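# Architecture at a glance
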Amino acid sequence: MSKKGALIEIAGEFFKSKRKHFAFETLYKQVENMKEFKKLTLFSSLESVSLNGTDINDEGLKYLSTCNSINNLNLTFTSISDKGIAHLISLSKLEYLRLKETNITDKSISYFNHMISLKELQVHETNITTKGLLNLNNKSLEELFLSDASSQEDIINLKHLSRKIPTCKIIVKNNGEFLNGFFEKY
């Protein structure tokens with residue numbers, strides 16, 4: 001357990017142990033040893049982690065997933081894949097997950113279904129398809145953010161999904177919103 005005011009070193013940067021939000025001070029941080037992310041468990045009040053633009057990978061997510069206090073996780077612009085998403089199931093308090101510009105595919109959808117506290121999911125600019133999203137059945141979701149849905153098939157799939165999860169607002173970038181089977185264009 002960390003002492004009050006103690007500092008924790010992660011990848012050459014120092015952080016107070018009482019932090020609620022973790023993010024590196026250095027942009028595009030390179031972490032040589034992914035085991036460094038296991039140190040996130042040393043923060044006594046950690047709720048939010050932003051690794052936007054870092055070089056975290058699937059192995060790093062394995063270590064990050066031991067920090068059960070995380071409820072908000074930003075992994076945008078990273079090289080994580082479906083294999084890494086599997087580790088996040090153990091984060092039982094995870095409510096907000098941002099995965100924009102990652103290497104995830106429709107294979108991650110089955111993992112999202114097991115994230116029992118997930119309220120908001122951002123998967124725009126990934127390889128997740130509207131057809132694949134038809135397998136999404138996480139009833140805790142309140143908001144789902146997607147890339148452009150320009151084809152008629154995309155619209156049909158998202159209307160179906162919005163009827164399947166009627167309390168989830170599906171927000172399509174630069175397009176509109178789906179809710180309970182209805183589409184409202186912006």
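Here, every reference points to the structure presented above.
Heads up: these notes are all about the structure in this document. Here the structure is a predicted model, which means the values were calculated and not measured.

A count of helices and strands for the chain gives five helices and eleven strands. A compact globule built from 186 residues should have a C-alpha radius of gyration of about 16 Å, and the chain, at 17 Å, falls within 12% of that. Projected onto its principal axes, the C-alpha coordinates of the chain cover approximately 55 × 30 × 25 Å. Relative to its 186 residues, the chain shows a buried fraction of 47%. Taking contacts inside the chain between residues at least 6 apart in sequence as the whole, the part at least 24 apart equals 49%. Of the charged side chains in the chain, 25 are positive and 22 negative, and the gap between their average positions amounts to 6 Å.

The subject of this paragraph is the sheet that holds strand β4 (residues 48–50). Taken in spatial order, the nine strands make up an open sheet running β3-β4-β5-β6-β7-β8-β9-β10-β11, and their pairing is mixed. What marks the edges here is a single partner per strand, and that holds for β3 (21–23) and β11 (182–185). Ignoring strand direction, the axes of neighbouring strands in this sheet form an average angle of 10°. The strands touched by helix α5 (residues 152–164) are β8 (143–146), β9 (169–172), β10 (176–179) and β11; relative to β10, the strand with the most contacts, the crossing angle is about 40°.

Cut-offs used in this document
- Residues numbered from 1 in each chain as written.
- Predicted model: local features only at pLDDT ≥ 70, side-chain atom pairs only at ≥ 80, totals over all residues.
- Heavy atoms only, no water.
- Helix = DSSP H or I, 4+ residues; strand = E, 2+ residues; numbered from the N terminus.
- Rg over C-alpha atoms; globule rule 2.2 N^0.38 Å.
- Buried < 20%, exposed > 50% of the residue type's maximum accessible area, 1.4 Å probe, protein only.
- Contact = heavy atoms within 4.5 Å.
- Lys, Arg positive; Asp, Glu negative; His and termini not counted.
- Charge placed at Lys NZ, Arg CZ, Asp CG, Glu CD.
- Pairing = 2+ DSSP bridges.
- Axes fitted to C-alpha atoms, helices over the stretch in contact; angles between N-to-C directions.

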